[in-house]
Amino acid sequence: MADKRASYYINLEDKYTAHGYHPIPVVISRAKGVWVWDVEGKKYVDCLSAYSAVNQGHRHPTIMKALREQAAKLTLTSRAFHNDQLGAFMEKLCQVARMEMALPMNTGAEAVETAIKIARKWGYEKKGIGQDRAEIIVCSDNFHGRTTTIVGFSTDPLANTGFGPFSPGFPIIPYDDTHALKEAITENTVGFLVEPIQGEAGVKIPRDGYLREVREICSDHGILLILDEIQTGLCRTGKMFAWMHEDAKPDMITLGKALGGGVVPVSAVVSSEEIMSVITPGTHGSTFGGNPLACVVGRASLDVLIEEKLDERADRLGKLFRKKLHEIATDKVAEIRGKGLLNAIELKKSAGTAREYAERLMELGVLAKDTHGQTIRFAPPLVITEKEIDWIIKRVQKVL
Ligand code: PXG
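Undergrad: Explanation requested: the sheet that holds strand S2 (residues 35-38) in the structure shown.
TA: What holds strands together in a sheet is hydrogen bonding between their backbones, with the strands either parallel or antiparallel. The sheet built from four strands is open, its strands ordered S1-S2-S3-S13 with mixed pairing. Single-partner strands in this sheet number two, and they are strand S1 (28-32) and strand S13 (366-367). Here two bridges tie strand S3 (residues 43-46) to S13, and the two strands are oriented parallel to one another. In the strand pairing of S13, valine 45 is matched with valine 366.

Have a look at this one:
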């Protein structure tokens, strides 16, 4: 198999796999740290990190060791029984998130669905909102996942056209607009669900102070601030969580992606005991959520982030990366933006599409993904070195 060419795998995948994606034409078969190798043995630096799920780098030794050791003992019990790993993982997660209780799930979308259920039930039980009236305010250009409830409040026609009817109760306001938030709050509002930076919208960063103001508004009106940190959390933006840039601690946080260390799907909702207490036996769950394999991987993933100080590293190297991007002499770039190692180059319309640039970068050994026509995202694993950043910059300079 290994001696087959990329076109063989692409054609095979194309024939038997639903066409929900338009991947960059590279077929990866091996990875280590920030590097991946294709089936023909060519090496690339990964500048996407599986949309920030590989913050710790591919196959981090600490995470792989935890995986191997646990796989040799116990992998799945379901929550019908206790297992000896769940408590320790949830304890660690609560400590890191400075919260009191967590609920383990698998994928990011499941964590968001879980947060929606908890917020609604909290609204009915603690705020006395009338039956089936609960509203959760969301933002335009949001990305929270692919379930029918979630795509129902997406403003991207590609994400939701053809998938209705949708769940009511999600008023949509513009992002980065605190006036609109105040206006949208009614007696039925239970929470505001928002991304600290809109990753999928093309790394849209709100103005300084936005999150802090949002925090104040939610507190003043007695509604829950629910931050989706599935992409921004776990050191990606230069802090353990993006809310820490403005000390805007949420009431509930959704996590996923790098919580599984790029190895297995691990997600969670983390919150206070008061809020989490609305979940009682039978009201929510998941067969694989909280499985012992996921728990040890999740705990090791957090350990790596902390021990290797990947928050500081992302902050420092992100600044360096943007500085070097700015130094490239080119008339093709409209904007360079980012926080930590979540970065984007916005190309001028006259320069051509981001897809063309992503494909040329691929040929030079840099895997970055285009989005929304003109944007290329750069989000390498946080274990990247300065030398490897130079390696990327040289190639970006070439294609620009
Ligand atoms: N919230 C945010 C902020 C995300 O970026 C999710 C929730 C959903 O996570 P799951 O694990 O359910 O995918 C994301 C995911 C894709 C895709 O292929 C998803 C994301 C980024 C790029 C592509 O659907 N982000």
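Undergrad: Please clarify how the side chain of threonine 371 should be interpreted in this entry.
TA: Looking at the secondary structure, you find threonine 371 in strand S14 (residues 369-371). The exposure class assigned to threonine 371 is buried, which follows from its relative accessible area of 12%. In this structure, threonine 371 is in contact with Glu200 and Gly202, ignoring residues within four places of it in sequence.

Undergrad: Honestly, the nonpolar core in this entry has me stumped. Any pointers?
TA: Across soluble globular proteins, nonpolar side chains have a tendency to be buried as a group. The biggest cluster of nonpolar side chains holds 87 residues, and the ones touching the most others in it are Phe192, Phe241 and Phe378. By residue number, the principal contributor to this core is helix H11 (residues 292-307), which donates nine residues. Ignoring any residue separated from it by four or fewer positions in sequence, one finds phenylalanine 192 in contact with Ile137, Val138, Cys139, Ile173, Leu181, Tyr210, Val214, Cys218, Ile223, Leu224, Leu225 and Ile226. In terms of nonpolar packing, the next biggest core, distinct from the first, is built from 27 residues, Ala119, Val138, Ile226 and Met252 among them.

Undergrad: Explain the environment of isoleucine 226 to me, please; I cannot follow it from the model alone.
TA: The topology assignment puts isoleucine 226 in strand S8 (residues 224-228). The exposure class of isoleucine 226 is buried, given its relative accessible area of 2%. As a C-alpha pair, isoleucine 226 and serine 301 span 75 residues in sequence and 23 Å in three-dimensional space. Ignoring sequence-local partners within four residues, the contact set of isoleucine 226 consists of Ala115, Ala119, Phe192, Leu193, Val194 and Met252.

Undergrad: Where do I start with the packing of helix H12 (residues 310-327) against helix H14 (residues 386-399) in this structure?
TA: Geometry of a packed helix pair, given as the angle between the helix axes and the separation of the axes. Relative to each other, H12 and H14 sit at 25°, their axes nearing to 10 Å. As judged from the angle between their axes, H12 and H14 are roughly parallel. Two packed elements cross with a definite hand, and for H12 against H14 that hand is right-handed. Along its contact with H12, which presents Arg316, Leu317, Leu320, Phe321, Lys324 and Leu325, the element H14 presents Glu386, Ile389, Asp390, Ile392, Ile393 and Val396. Here the contact of H12 with H14 is built from residues that sort into eight nonpolar, no polar and four charged.

Undergrad: Sorry, what's going on with helix H13 (residues 354-363) here?
TA: Among the residues of H13, those classed as buried are Ala354, Arg355, Tyr357, Ala358, Leu361 and Met362. The buried residues of H13 all sit within an arc of 160° when viewed along its axis, so they share a single face. For H13, the elements touching its buried residues are S3, strand S12 (342-347), S13, S14, strand S15 (375-378) and H14. At the C-terminal side of H13, glycine 365 shows a positive phi close to 95°.

Undergrad: Just checking my understanding: could you explain the site of the ligand for this structure?
TA: Surveying the vicinity of the ligand reveals 15 residues, the closest of which are Tyr21, Ala109, Asp228, Gln231 and Lys257. In this structure, a nitrogen atom belonging to the ligand sits 2.7 Å away from a side-chain N or O atom of aspartate 228. Between an oxygen atom of the ligand and a side-chain N or O atom of glutamine 231, the distance comes to 2.8 Å. Relative to its free-state accessible area of 540 Å², the ligand is covered by the protein chains to the extent of 85%. Its residues assigned to classes, the shell around the ligand shows five nonpolar, five polar and five charged.

Undergrad: Looking at this model, I keep getting lost on the packing of aromatic side chains. Mind explaining?
TA: As enumerated under the stated definition, the model contains five aromatic pairs in all. A cation over a ring is seen here: lysine 4 above tyrosine 8, with NZ or CZ 4.8 Å from the ring centre. The ring of tyrosine 357 has arginine 360 lying over it, and the distance from NZ or CZ to the ring centre is 4.9 Å.

Undergrad: Even after reading the chapter, I still don't get the sheet that holds strand S11 (residues 333-339), so can you show me in this structure?
TA: Taken in spatial order, the four strands make up an open sheet running S11-S12-S15-S14, and their pairing is antiparallel. Each edge of the sheet is formed by a strand with only one pairing partner; in this case those strands are S11 and S14. Direction aside, neighbouring strands of the sheet carry axes that sit 25° apart on average. Of the strand pairs in this sheet, S11 and S12 are connected by six bridges, and their pairing is antiparallel. Bridge pairing in S12 links valine 333 to leucine 347.

Undergrad: Teacher, can you tell me more about unusual backbone geometry here?
TA: Most peptide bonds adopt trans geometry, and most residues besides glycine take a negative phi value. Cis geometry is found at the peptide bond from glycine 164 to proline 165, where omega equals 0°. Here proline 165 is to be found in the loop between helix H7 (157-160) and strand S6 (172-173). Positive phi, close to 55°, is recorded for serine 49, a residue that is not glycine. Checked against the element boundaries, serine 49 lands in helix H2 (residues 49-52). Its relative accessible area of 0% is what places serine 49 among the buried residues. Phi angles above zero are rare outside glycine, and arginine 59 is one such case at about 50°. One can find arginine 59 in the loop between H2 and helix H3 (61-71). The class for arginine 59 is partly exposed, based on a relative accessible area of 43%.

Here is what the cut-offs are and how they apply
- Residues numbered from 1 in each chain as written.
- Predicted model: local features only at pLDDT ≥ 70, side-chain atom pairs only at ≥ 80, totals over all residues.
- Heavy atoms only, no water.
- Pairing = 2+ DSSP bridges.
- Helix = DSSP H or I, 4+ residues; strand = E, 2+ residues; numbered from the N terminus.
- Buried < 20%, exposed > 50% of the residue type's maximum accessible area, 1.4 Å probe, protein only.
- Contact = heavy atoms within 4.5 Å.
- Core = buried A, V, L, I, M, F, W, Y, C linked by side-chain atoms within 4.5 Å.
- Axes fitted to C-alpha atoms, helices over the stretch in contact; angles between N-to-C directions.
- Parallel < 35°, antiparallel > 145°, perpendicular 65-115°, else oblique.
- Left-handed = near helix turned anticlockwise from the far one by under 90°.
- Nonpolar A, V, L, I, M, F, W, Y, C, P; charged D, E, K, R; others polar.
- Arc of directions from axis to C-beta.
- Near = heavy atom within 4 Å.
- Polar contact = N/O pair within 3.5 Å; in protein donor to acceptor, adjacent residues only side chain to side chain.
- Areas by Shrake-Rupley, 256 points an atom, 1.4 Å probe, with all protein chains shown as cover.
- Phe/Tyr/Trp six-rings, centres within 6.5 Å; stacked < 30°, edge-to-face > 60°.
- Lys NZ or Arg CZ within 6 Å of the ring centre and 35° of its normal.

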